[in-house]
Amino acid sequence: SSGTQVAAHVAAKRPDLVAATVLASPTVDPKARSVPRALYYWRRDSAYPMPGLSDSHKPEWRRAGPRRIVHLMRTHLRDRLEDTVPRIRGPVLVLLGREDRLCTERWARELAEAAADGRLVVVPGPHTFLWRDPAVWSDPLRDLAANVRETAP
């Protein structure tokens, strides 16, 4: 999800390198732009079992350490994705898990509408739908790729 911020910045700064942008479980929704709020909503979203996800993250968290994790979190909280998305020239696909507790459908829709060529697709699952069911985003990505091929010069 934090990769959406990186992807959006790259697409906005280097449109020559990006044919389309996918924002899957975008962060950080304005409702959660403080450390306590972000932790609260993250905890609500973690009520959906994601077997193996925490086990996958723990070595990375240990290697980074608390100070770097706090720095990373604050950096993400300061970034305003809604200011970056309008600068993206190509198609933007926003994917949102129906049960996502970190990102609201309202904000995801605003992001899609802020793009010159944006589309919102709501898929089953929480914020971490990518981990639980990667197949749910296959069709939207295929549709996006087909659209990019059709409109390519």
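The paragraphs below set out a description of the structure included in this document. Bear in mind that the values here come from a model prediction, so they are computed numbers and not experimental data.

Considerations on the side chain of Thr21
Then, number 1: Looking at the secondary structure, you find Thr21 in strand β1 (residues 21–24).
Then, number 2: Those residues in contact with Thr21 that lie beyond four places of it in its chain are Ala7, Ala8, Ala11, Ile88, Pro91, Val92 and Leu93.

A short note on unusual backbone geometry
Then, number 1: Residue Val28 is bonded to the preceding Thr27 through a cis peptide linkage, with omega at -5°.
Then, number 2: Even without being a glycine, Ser25 presents a positive backbone phi close to 55°.
Then, number 3: Within the secondary structure layout, Ser25 lies in the loop between β1 and α2 (35–45).
Then, number 4: Overall, the relative accessible area of 1% leaves Ser25 in the buried class.

Brief notes about the pattern of salt bridges
Opposite charge on two side chains lets them pair, provided their charged atoms get close.
Then, number 1: Enumeration according to the criterion identifies 7 salt bridges in this entry.
Then, number 2: Note that Glu82 and Arg33 form a salt bridge whose closest N and O atoms lie 2.7 Å from each other. In this pair, Glu82 is assigned in helix α4 (residues 81–84) and Arg33 in the loop between β1 and α2, connecting sequence segments 49 residues apart. For the residue pair Glu82 and Arg33, the accessibility class agrees, reading buried in each case.
Then, number 3: Between Arg109 and Glu105 there is a salt bridge, and its shortest N-O distance comes to 2.6 Å. Placement of the pair is Arg109 and Glu105 together in helix α5 (residues 105–114), with a separation of 4 residues, close to one helical turn.
Then, number 4: Relative accessible area serves as the criterion here: at 38%, Arg109 is assigned to the partly exposed category.
Then, number 5: Given the relative accessible area of 38%, Glu105 is considered partly exposed.
Then, number 6: One continuous salt-bridge network, built from bridges that share partners, spans Arg33, Arg80, Glu82 and Asp83.

So, the pairing of strand β3 (residues 118–123)
Then, number 1: In this sheet, β3 lies alongside strand β2 (residues 92–97) in parallel orientation, the contact comprising 6 bridges. Along β3, the bridge assignment pairs Val94 with Leu120.

Let's talk about the pairing of β2
Then, number 1: Most of β2 is tucked away, with 6 of its 6 residues classed as buried.
Then, number 2: On β2, burial covers both faces: Val92, Val94 and Leu96 on one face and Leu93, Leu95 and Gly97 on the other are all buried.
Then, number 3: For β1 and β2, the ladder comprises 4 bridges, and the chain directions are parallel. Paired with Thr21 across the two strands is Val92, which belongs to β2.
Then, number 4: Taken together, β2, α5 and β3 constitute a β-α-β crossover, and its handedness is right-handed.

A closer look at helix α1 (residues 3–13)
Side chains of residues three or four places apart in an α-helix project in the same direction, reflecting 3.6 residues per turn.
Then, number 1: Those residues of α1 that fall on the buried side of the exposure criterion are Thr4, Gln5, Ala8, Ala11 and Ala12. Taken down its axis, α1 places every buried residue within 135° of arc, on the same side. Residues of α1 that are exposed and point over 90 degrees away from its buried face: Val6 and Lys13.

Notes on the nonpolar core
Then, number 1: Ranked by size, the top nonpolar core spans 17 residues in total, and within it Leu23, Leu81, Val85, Ile88 and Val94 carry the most contacts.
Then, number 2: Of all the elements in the fold, those that place two or more residues in this core are α1, β2 and α5.
Then, number 3: The contacts of Leu81, once residues within four sequence positions are left out, are Thr4, Gln5, Ala8, Leu23, Pro26, Thr27, Arg33, Trp107 and Leu111.
Then, number 4: Among the nonpolar cores identified, the runner-up in size contains 9 residues, and Leu93, Val121, Val123 and Val136 belong to it.

Cut-offs used in this document
Residues numbered from 1 in each chain as written. Predicted model: local features only at pLDDT ≥ 70, side-chain atom pairs only at ≥ 80, totals over all residues. Heavy atoms only, no water. Helix = DSSP H or I, 4+ residues; strand = E, 2+ residues; numbered from the N terminus. Contact = heavy atoms within 4.5 Å. Buried < 20%, exposed > 50% of the residue type's maximum accessible area, 1.4 Å probe, protein only. Salt bridge = Lys/Arg side-chain N within 4 Å of Asp/Glu carboxyl O. Pairing = 2+ DSSP bridges. Right-handed = clockwise from strand over helix to strand, strands pointing away. Arc of directions from axis to C-beta. Core = buried A, V, L, I, M, F, W, Y, C linked by side-chain atoms within 4.5 Å.

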